[in-house]
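Here is how the chains run, residue by residue.
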Amino acid sequence: SFYYGTFPAGFLWGVGSSAYQTEGAWDKDGKGLSIWDVFTHRKGKVLRNETGDSACDGYYKVKDDIQLLKELKVNHYLLSISWPRIMPTGIKAEQLNEKGIQFYNDTINSLLENNITPIVSLYHWDLPQVLQEKYGGWQNISMINYFNDYANLCFEKFGDRVKHWITFSNPWAVAEQGYETGEHAPGLKLGGCGAYKAAHHIIKTHAKVWHSYNNTWRREQRGMVGISLTSGWGEPVDPHSQTDRDAAERYIQFHLGWFANPIYRGDYPEVMKNYVGRKSAQQGLGTSRLPTFSVQEKTYIKGTSDFLGIGHFTTRYVLQKNFPFLQVSSYHTDHDLAELVDPNWPAPGPKWLYSVPWGFRRLLNFIKTQYGNPLIYVTENGVSETMQCSQLCDEWRIQYLKGYINEILKALNDGVNVKGYTAWSLLDKFEWNKGFSERFGLYHIDFKNKDKPRYPKASVDYYKKIISANGFPNPREVESWQRKAMDTCSATHQHLAADSLITHMEMVTEIVLPTVFTLCILISIVLLIFYLRNHS
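All values derive from a computational prediction rather than experimental measurement. (Residues numbered from 1 in each chain as written. Predicted model: local features only at pLDDT ≥ 70, side-chain atom pairs only at ≥ 80, totals over all residues. Heavy atoms only, no water.)

**Comments concerning the sheet that holds strand β5 (residues 164–169)**
Strand pairing within a sheet occurs via backbone hydrogen bonds; the two strands may be parallel or antiparallel.
Now for step 1: The strand order β2-β3-β4-β5-β6-β8-β11-β12 describes a closed barrel built from eight strands, whose pairing is parallel. Strand-to-strand twist across the sheet, computed as the mean angle between neighbouring axes with direction ignored, equals 25°.
Now for step 2: Strand direction decides the pairing type here: strand β4 (residues 117–121) and β5, joined by three bridges, are parallel. Across the sheet, residue V120 finds its bridge partner in β5, namely W165.
Now for step 3: Contacts from helix α7 (residues 143–158) reach β5 and β6 (224–230) within the one sheet, and its direction differs from that of β5 by about 155°.
Now for step 4: Sheet strands touched by helix α15 (residues 395–413): β2 (12–16), β11 (376–381) and β12 (418–424). Its angle to β12, the strand with the most contacts, is close to 170°. (Pairing = 2+ DSSP bridges. Helix = DSSP H or I, 4+ residues; strand = E, 2+ residues; numbered from the N terminus. Axes fitted to C-alpha atoms, helices over the stretch in contact; angles between N-to-C directions. Contact = heavy atoms within 4.5 Å.)

**Here's the deal with the pattern of salt bridges**
Now for step 1: Applying the stated criterion across every chain yields a total of 28 salt bridges.
Now for step 2: Across the salt bridge formed by K457 and D428, the nearest N and O atoms sit 2.8 Å from each other. Of this pair, K457 sits in the loop between β14 (454–456) and α16 (458–469) while D428 sits in the loop between β12 and β13 (443–445), and the two are 29 residues apart along the sequence.
Now for step 3: Residue classification places D428 among the buried positions, given a relative accessible area of 0%.
Now for step 4: The salt bridge partner of E431 is K429, with a shortest N-O separation of 2.6 Å. (Salt bridge = Lys/Arg side-chain N within 4 Å of Asp/Glu carboxyl O. Buried < 20%, exposed > 50% of the residue type's maximum accessible area, 1.4 Å probe, protein only.)

**Things to note about helix α14 (residues 358–370)**
Now for step 1: With 13 residues, α14 should cover 18 Å at 1.5 Å per step; its first-to-last C-alpha distance of 19 Å lies within 8% of that length.
Now for step 2: Residues G359, F360, L363, L364, F366, I367 and Q370 constitute the buried set of α14. On an axial view of α14, the arc spanned by its buried residues comes to 155°, and they lie on one face.
Now for step 3: Two residues or fewer past α14, G372 is found with a positive phi of approximately 75°. (Expected span 1.5 Å × (residues − 1). Arc of directions from axis to C-beta.)

**Remarks on the UniProt feature "active site" (unreviewed entry) in the protein chain**
Now for step 1: Under the UniProt annotation, the feature "active site" (unreviewed entry) is placed at E380.
Now for step 2: Mapped onto the fold, E380 is located in strand β11.
Now for step 3: What E380 contacts, discounting residues up to four positions off in sequence, is H124, I310, G311, H312, F313, T422 and W424. (UniProt positions renumbered as here; feature names shortened; annotations may be inferred.)

**Thoughts on the packing of aromatic side chains**
Now for step 1: With the rule as written, the count across this model stands at 53 aromatic pairs.
Now for step 2: With a centroid separation of 6.1 Å and 65° between ring planes, the pair formed by W13 and Y421 is classed as edge-to-face. Note that W13 is positioned in strand β2 and Y421 in strand β12, a separation of 408 residues in sequence. Like Y421, W13 is buried.
Now for step 3: Aromatic pair Y20 and W36: ring centres 6.1 Å apart, planes at 35°, arrangement tilted. A residue pair is termed long-range when its members are at least 10 positions apart, and Y20 in helix α1 (residues 19–22) and W36 in helix α2 (residues 35–40) qualify at 16 residues. In this structure, Y20 and W36 share a single accessibility class: buried.
Now for step 4: Linked through ring pairs, Y20, W36, F39, W125, F430, W432, F436 and F447 together constitute an aromatic cluster.
Now for step 5: One Lys or Arg, K402, reaches over the ring of F2 and ends 5.0 Å from the middle of that ring. (Phe/Tyr/Trp six-rings, centres within 6.5 Å; stacked < 30°, edge-to-face > 60°. Lys NZ or Arg CZ within 6 Å of the ring centre and 35° of its normal.)

As structure tokens, then:
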């Protein structure tokens, strides 16, 4: 049932995006190559071979995009820093890029001038390519010190103004899709071991950066350092079946617990250690494919988060499924479970993203119980559409935001310590191996237009209403929001249609007319040659 009420005073509302997905300018002003620059330039890695070379042209449109943030009346903006933009090779001793540093200085200053708090992620997947080539990226323990140098440079250059730092955004995807399935950059398929090894180094790196901040910068800068973990919720198919309940627990522990448990409790979840250890033994391996932390490392890692960032999109039903003994090991067969969806769940966009709001409250309560009710910021929550035609009247996104935000309100009443919400995302943008086919933005971008203009979807108007009311005050008011939002989007849609027609005409003018003119000249030359031959 829907719960009417408002959020506590001081609750933070925001939107987010990431560097590679929006900035573009992939080789401009001294920026080094990232693994995503290289990965997207290989044919067949991304849908329709699209790249983030220009993305949303965010590098050139900071002022425009801050205007959008002001329009939304958000308290904060979650952005990420591109490591190779400020440190082209990823190695501090080799080279710093002052133009890149200036870009982020200017962005942070502009946000603050407009009363928008920057929440900054140090890593949203764009590892410098040099570190991948030289050392194998997150497979190599040397990343810990290189990343710590980079983090300290960011604290030095921006920490006087940035008070909320995220070390890693969704490290599960970095490890599993970058080093296990190879769907994401760097595209390695190191089955059964690669993801665990990458995650192990990421967790140790996170802890090192937290300690660096704590020892060197905290007293002077008075900021916070956390991590952003993305996880779905796993609900047992049969809540009365112990095997299904255990399988659902494993689903959460192999996603969220993989990273959260070491940070909040000092080690990997017991169920992960047991399952991966047993499967490794069955394969005749002397040691588990899941690495181990020493006693000193456990102590060093435990407690290294001032807040927990949570990304959440969807839910799955989970049941026990025994995978037969396989010589080829895999993260996906290690946890002995199968995932199902209810065909009645709305799926407005891609087939992985079903709208199941009640799962969010359960996930937040799980975090409260498991990790001692930490301070939580929701860092990513949103829904995409896959329609090829421009769709500004995004009623399904309104329903999604309404449902999921309402579950946070219920979780607050359960005593969960949530302090802020970040809608994902500000703009339609480059969606990794899906290219531009999935659109998460509150603002539509016409990527065919060289100026990449932004147009508000209906969800902009609706989210603004939630922010200004600080929640859902009463049924009559909340119901009127959607009607007004849909009325506004109809007018914007006409504006977009007119602009698209102009863009099309400009393309005709720029391409077709010169071509026709050239053909006319060629035909005239051919006719002249014929004429001269006949008269000679």
